[in-house]
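A closer look at the structure
Each chain, written out:
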Amino acid sequence: DQQVKQNSPSLSVQEGRISILNCDYTNSMFDYFLWYKKYPAEGPTFLISISSIKDKNEDGRFTVFLNKSAKHLSLHIVPSQPGDSAVYFCAALGGSNYKLTFGKGTLLTVNP
Amino acid sequence: GAGVSQSPSNKVTEKGKDVELRCDPISGHTALYWYRQSLGQGLEFLIYFQGNSAPDKSGLPSDRFSAERTGGSVSTLTIQRTQQEDSAVYLCASSLMSGPGELFFGEGSRLTVL
């Protein structure tokens, strides 16, 4: 039973355009959400997070939007750069203050 | 180094053998976590340490899996009598304290059980 779902295994966008990565969750206890980025043969690195008391958080080219009623969040990257090509994991925290539940990831490819 | 260090980076073993995976967290980080990523799957929580104590071992798949942490620092994940389904990348992460916030992950140990 997947509590965090990333329904798109892959996404391809052109350099300079917007990348939108989506994530859905089912557990109403989740109240904090994070995005991690992973390059091949490296560990995931933290990108951006959002608390459930907010609906938007922005950091440079990265913005995360949270729609609690729809149990949906999205990561926007604009403008996309070839160096953004990686696997992006959505993760959620709730019920405990330490156990992250991850989605399966979306492979983003940004074409020059 | 400044980051989370894991060893070995790659381990190939025969079914039935025991393996030990090591994690050296960032100095001063009190919280340490083990996750694993099987092929095509997301990261799956295994165990959480706060200091040397493991208040949550609920993610360990079976009693063949165990982990310890000593000196509030290095942790070892041990898998006894390995099975083919144990093949995965085992990722260790640490954080300054538990709670909302980023985890710092190591590069992982890729385990292949033949």
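First, a word on what this report is: a plain description of the structure on this page. Since we're looking at a predicted model, the values are computed, not measured.

**A word on the interface of chain B and chain A**
The partner chain A presents 18 residues to the 21 residues of chain B that form the contact. Taking both sides of the interface into account, the surface hidden between chain B and chain A amounts to around 1,600 Å²; carbon and sulfur atoms contribute 62%. Summed over the shared surface of chain B and chain A, the result is one salt bridge. We note a salt bridge from Lys99 of chain A to Asp56 of chain B, for which the minimum N-O separation is 3.6 Å. Of all elements in the fold, only β4 (31-37) and β5 (43-50) of chain B reach the threshold of two or more residues within the side of chain B that touches chain A. For the side of chain B that touches chain A, the class distribution of residues is nine nonpolar, nine polar and three charged.

**Topic: the pattern of salt bridges**
Following the criterion strictly, the structure yields seven salt bridges over all chains and no others. Here Glu58 of chain A ties to Lys56 of chain A by a salt bridge, and the two come within 3.9 Å at their closest N and O atoms. Here Glu58 of chain A falls in the exposed class, since its relative accessible area comes to 52%. A salt bridge links Arg22 of chain B to Asp24 of chain B; the shortest N-O distance between them is 3.9 Å.

**Some details on empty space enclosed by the protein**
Applying the stated criterion to the full structure yields one cavity of 30 Å³ or more. Its boundaries defined by the atoms lining it, the largest cavity holds a volume of some 40 Å³. If you go around the largest cavity, the residues you meet are Leu34, Leu93, Asn97, Tyr98 and Leu100 of chain A together with Tyr33, Gly99, Pro100, Gly101 and Leu103 of chain B. Tallied by class, the residues present in the lining of the largest cavity amount to seven nonpolar, three polar and no charged.

**Some words on the sheet that holds strand β1 (residues 5-7) of chain B**
By way of backbone hydrogen bonds, the strands of a sheet pair with one another, either parallel or antiparallel. All names here are of chain B. One open sheet accounts for four strands, arranged β1-β3-β8-β7; its pairing is antiparallel. The sheet is open, and its two edges are formed by β1 and β7 (65-69), each paired on a single side. Each strand axis lies, on average, 15° off the axis of its neighbour in the sheet, ignoring direction. Taken together, the five bridges between strand β3 (residues 19-24) and strand β8 (residues 75-79) define a ladder with antiparallel strand orientation. By the bridge assignment for β8, Leu21 is matched with Leu77.

**A few points about the pairing of β5 of chain B**
Residue and element names in this part refer to chain B. Most of β5 sits out of view: six of its eight residues are buried. Relative to β5, β4 runs antiparallel, the two sharing seven bridges. Of the residues in β5, the one forming a bridge with Ala31 is Gln50. Joining the antiparallel neighbours β4 and β5 is a turn of five residues, in which Gly40 adopts a positive phi near 75°. In terms of strand pairing, β5 meets strand β6 (residues 53-56) through two bridges, oriented antiparallel. Pairing of Tyr48 across the sheet is with Asp56, part of β6.

**A look at the state of the cysteines**
Residues and elements named next belong to chain A. All told, the structure shown has two disulfides over all chains when counted by the stated rule. Here Cys23 engages in a disulfide with Cys90; their sulfurs sit 2.0 Å apart. Taking the sign of the torsion about the S-S bond as the criterion, the disulfide between Cys23 and Cys90, at about -75°, is left-handed. Highlighted residues: Cys23 in strand β3 (residues 19-25) and Cys90 in strand β9 (residues 86-94), separated in sequence by 67 residues. By the burial criterion, Cys23 is buried, and Cys90 matches it.

**Some details on the environment of Leu32 of chain B**
Residue and element names in this part refer to chain B. When you line up the elements, Leu32 lands in strand β4. Taking the C-alpha atoms as reference, Leu32 lies 11 Å from Asp56; in sequence the two are 24 residues apart. With sequence-adjacent residues up to four places away left out, Leu32 is seen in contact with Cys23, Pro25, Ile47, Tyr48, Phe49, Arg69, Ser73, Ser75, Cys92, Ala93 and Ser94.

Quick notes on the rules
Residues numbered from 1 in each chain as written. Chains lettered and ligands numbered in written order. Predicted model: local features only at pLDDT ≥ 70, side-chain atom pairs only at ≥ 80, totals over all residues. Heavy atoms only, no water. Contact = heavy atoms within 4.5 Å. Buried area = accessible area lost by both parts, 1.4 Å probe. Salt bridge = Lys/Arg side-chain N within 4 Å of Asp/Glu carboxyl O. Helix = DSSP H or I, 4+ residues; strand = E, 2+ residues; numbered from the N terminus. Nonpolar A, V, L, I, M, F, W, Y, C, P; charged D, E, K, R; others polar. Buried < 20%, exposed > 50% of the residue type's maximum accessible area, 1.4 Å probe, protein only. 1 Å grid on protein atoms, 1.4 Å probe; cavity = no way out; pocket = protein on both sides within 12 Å on 5 of 7 lines; lining within 4 Å. Points joined across faces, edges and corners; volume = space filled by probe spheres on them. Pairing = 2+ DSSP bridges. Axes fitted to C-alpha atoms, helices over the stretch in contact; angles between N-to-C directions. Disulfide = S-S within 2.5 Å.

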